[in-house]
Amino acid sequence: MWSGTPLFPERASTMASRVDALYLFLVALTAFFSLLIAGLIVSYAIKYRRRAPDDVGANIHGSMLLEIGWTAGPFLIVMVIFVWSASVFFAMSSPPDETLNIYVVGKQWMWKFQHLDGQREIDELHVPVGRAVKMIMTSEDVIHSFFVPAFRVKADVLPGRYTNVWFQPTHPGRYHLFCAEYCGTKHSGMIGEVVVMEPSDYQTWLSGGVPEGSLASAGAKLFADLACNTCHRSDAQGRGPVLEGLFGKTITLQNGEKVVVDEAYVRESILMPSAKITAGFQPIMPTFQGLVTEEQLLQLVEYVKSLQGLPQVQTR
Ligand code: CUA
């Protein structure tokens, strides 16, 4: 219906029609009441105009029915908007369990994408059609915003933490990617393309990449290069917690607090090791702030993740 009008971007994700339905409902609602009010103003101005110089208007006092009507009516309408928007918002912010994860690093002024298999891309992202894709995003410098109008997704990309956004493309094609947060001189040039491919084409594309090795294997190498393995030993004899089987678990900290070991926790523990110490350990780990790049952090996070399936040795 909207394909011929430049007003609307195409709908290329499972979320697109839900967002549009809500949006069009709001537009229709606004249009209806705007026209109703404007129409009444004009027609009453004509109908009740002063016809003679000594005309005096009728003296009308309140109407209970009207009062109740214009209180209850808007209340019901905004509740409909609230429940509807909340359901769309929850769907947008809860990715399915099985997602294709891709890391995104925003930087003045480019988008860097890192696939788990090792492929890297800049300002272009290849994904298969029909699969839920989760972007795990961070920024190297200032706040950016990942925006793909055709998918109806937009999320801020913040330095110092990971934010997520997910989408499931429904049609193969090339879609615009924008930065939607003013981030400096060339903000408007911080654009790219998301290329949605048939699964078979995607496989071909994946295998055609430079054989850099997977993100996790790069992380494993870095883990050894930085000598992390001297303390984080798999035999529970090291001075740091065992990392095997750790990712996704809930751990107890020194102060009794419980935290889930997720991407953000691993990242923080590398950059600010003393922030959240696992119960039973000493805050002796040095910080790696400034020593590892955002990309290397992702490799390390992915390495720790790859140890997820391994059995965890009983620690203390
Ligand atoms: Cu990055 Cu605007």
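That block above? That's the structure.
A quick note: this is a predicted structure, and the numbers were derived from the prediction, not measured.

Peer 1: Just to check I follow, could you spell out the side chain of H144 for this structure?
Peer 2: Mapped onto the elements, H144 comes out in strand β6 (residues 144-148). Other than its neighbours up to four places away in sequence, H144 contacts G106, K107, Q108, W111, S139, A155, D156, V157, C179, E181, C183 and M190.

Peer 1: Please clarify how helix α5 (residues 263-271) should be interpreted in this entry.
Peer 2: Every α-helix winds through 3.6 residues per turn, so residues three or four apart in the chain are directed the same way. Buried residues dominate α5, accounting for eight of its nine residues. Turning to α5, its buried residues are E263, Y265, V266, R267, E268, S269, I270 and L271. Contacts made by the buried residues of α5 are with β1 (100-107), β5 (133-139), β11 (250-252), β12 (258-260) and α6 (294-306).

Peer 1: What am I meant to see in the sheet that holds strand β10 (residues 192-197) here?
Peer 2: As a general point, the strands of a sheet are linked pairwise by backbone hydrogen bonds and lie either parallel or antiparallel. Sheet architecture is open: five strands sit in the order β4-β10-β9-β6-β7, paired in mixed fashion. The sheet terminates laterally at β4 (124-128) and β7 (153-157), the two strands that pair on one side only. Strand-to-strand twist in this sheet, taken as the mean axis angle between neighbours without regard to direction, amounts to 20°. Looking at chain direction, β6 and β7 are connected through five bridges and run antiparallel. Looking at the pairing, F147 lines up with K154 of β7. Packed on one face of the sheet, helix α3 (residues 199-207) meets β4 and β10 and runs near 130° to β4.

Peer 1: What exactly am I supposed to notice about the packing of aromatic side chains here?
Peer 2: The relative placement of two aromatic rings is captured by the distance of their centres and the angle of their planes. Under the defined criterion, the tally for this structure stands at 10 aromatic pairs. Here the aromatic rings of W111 and F146 are separated by 5.7 Å at their centres, their planes lie at 90°, and the arrangement is edge-to-face. One end of the pair, W111, is in strand β2 (residues 110-115); the other, F146, is in strand β6, and 35 residues separate them in sequence. Residue W111 shares its accessibility class with F146, and that shared class is buried. Arranged with centres 6.3 Å apart and planes meeting at 40°, the rings of F147 and F178 form a pair that is tilted. Of this pair, F147 sits in strand β6 while F178 is found in strand β9 (residues 173-179), placing the two residues 31 residues apart along the sequence. For F147, a relative accessible area of 25% puts it in the partly exposed group. The exposure class assigned to F178 is partly exposed, which follows from its relative accessible area of 33%. Aromatic rings pair up to connect F151, F167 and Y175 into one cluster. Taking the ring centre of Y162 as reference, the NZ or CZ of R267 above it sits at 5.2 Å.

Peer 1: Quick question: what am I supposed to make of a nonpolar patch on the surface here?
Peer 2: Residues F32, F33, L36, I37, L40, I41, V42, Y44, I46 and Y48 make up a contiguous nonpolar surface patch of about 1000 Å² in total accessible area. Using a relative accessible area of 33% as the deciding quantity, one classes F33 as partly exposed.

Peer 1: How should helix α4 (residues 215-225) be read in this particular structure?
Peer 2: Among all positions of α4, only L215, A216, G219, L222 and F223 are buried. Across the axial projection of α4, the buried residues extend over an arc of 115°, all falling on one side. Along α4, the residues that are exposed and aim more than 90 degrees away from the buried face are K221 and D225. Positive backbone phi, approximately 65°, marks A227, located one or two places after α4.

Peer 1: I keep staring at the pairing of β1 and nothing clicks. Help me out?
Peer 2: On a regular strand, each side chain points to the face opposite its neighbour's, so the side chains alternate between the two faces of the sheet. Among the eight residues in β1, seven count as buried, and that is most of the element. Direction of pairing for β1 relative to β5: parallel, over a ladder of seven bridges. Bridge pairing links G106 to S139 in β5. Judged from the six bridges that link them, β1 and β2 form a sheet pairing that is antiparallel. When the sheet's bridge partners are listed, I102 is paired in β2 with H115. Once β1 ends, the chain turns through two residues before running back antiparallel as β2.

Peer 1: Help me understand the pairing of β10 in this model?
Peer 2: Counting buried positions along β10 gives five out of six residues, so the element sits mostly inside the fold. Where β9 lies against β10, five bridges are found, and the strand directions are antiparallel. Opposite Y175, over in β10, you have V194 as the bridge partner.

Peer 1: Can you walk me through unusual backbone geometry in this structure?
Peer 2: Comment: phi is negative for the bulk of residues other than glycine, and the bulk of peptide bonds are trans. In this chain, Q108 is followed by W109 through a cis amide linkage whose omega measures -5°. In this fold, W109 is placed in the loop between β1 and β2. Residue D123 is not a glycine yet carries a positive backbone phi of 60°. Looking at the element boundaries, D123 is found in the loop between β3 (120-122) and β4. Phi at R152 takes a positive value of approximately 60°, unusual for a residue other than glycine. Tracing the sequence through the fold places R152 in the loop between β6 and β7. We classify R152 as buried; its relative accessible area is 10%.

Quick notes on the rules
Residues numbered from 1 in each chain as written. Predicted model: local features only at pLDDT ≥ 70, side-chain atom pairs only at ≥ 80, totals over all residues. Heavy atoms only, no water. Helix = DSSP H or I, 4+ residues; strand = E, 2+ residues; numbered from the N terminus. Contact = heavy atoms within 4.5 Å. Buried < 20%, exposed > 50% of the residue type's maximum accessible area, 1.4 Å probe, protein only. Pairing = 2+ DSSP bridges. Axes fitted to C-alpha atoms, helices over the stretch in contact; angles between N-to-C directions. Phe/Tyr/Trp six-rings, centres within 6.5 Å; stacked < 30°, edge-to-face > 60°. Lys NZ or Arg CZ within 6 Å of the ring centre and 35° of its normal. Patch = residues over 30% accessible without salt bridge, like charges linked within 9 Å, V, L, I, M, F, W, Y side chains within 5 Å. Areas by Shrake-Rupley, 256 points an atom, 1.4 Å probe, with all protein chains shown as cover. Salt bridge = Lys/Arg side-chain N within 4 Å of Asp/Glu carboxyl O. Arc of directions from axis to C-beta.

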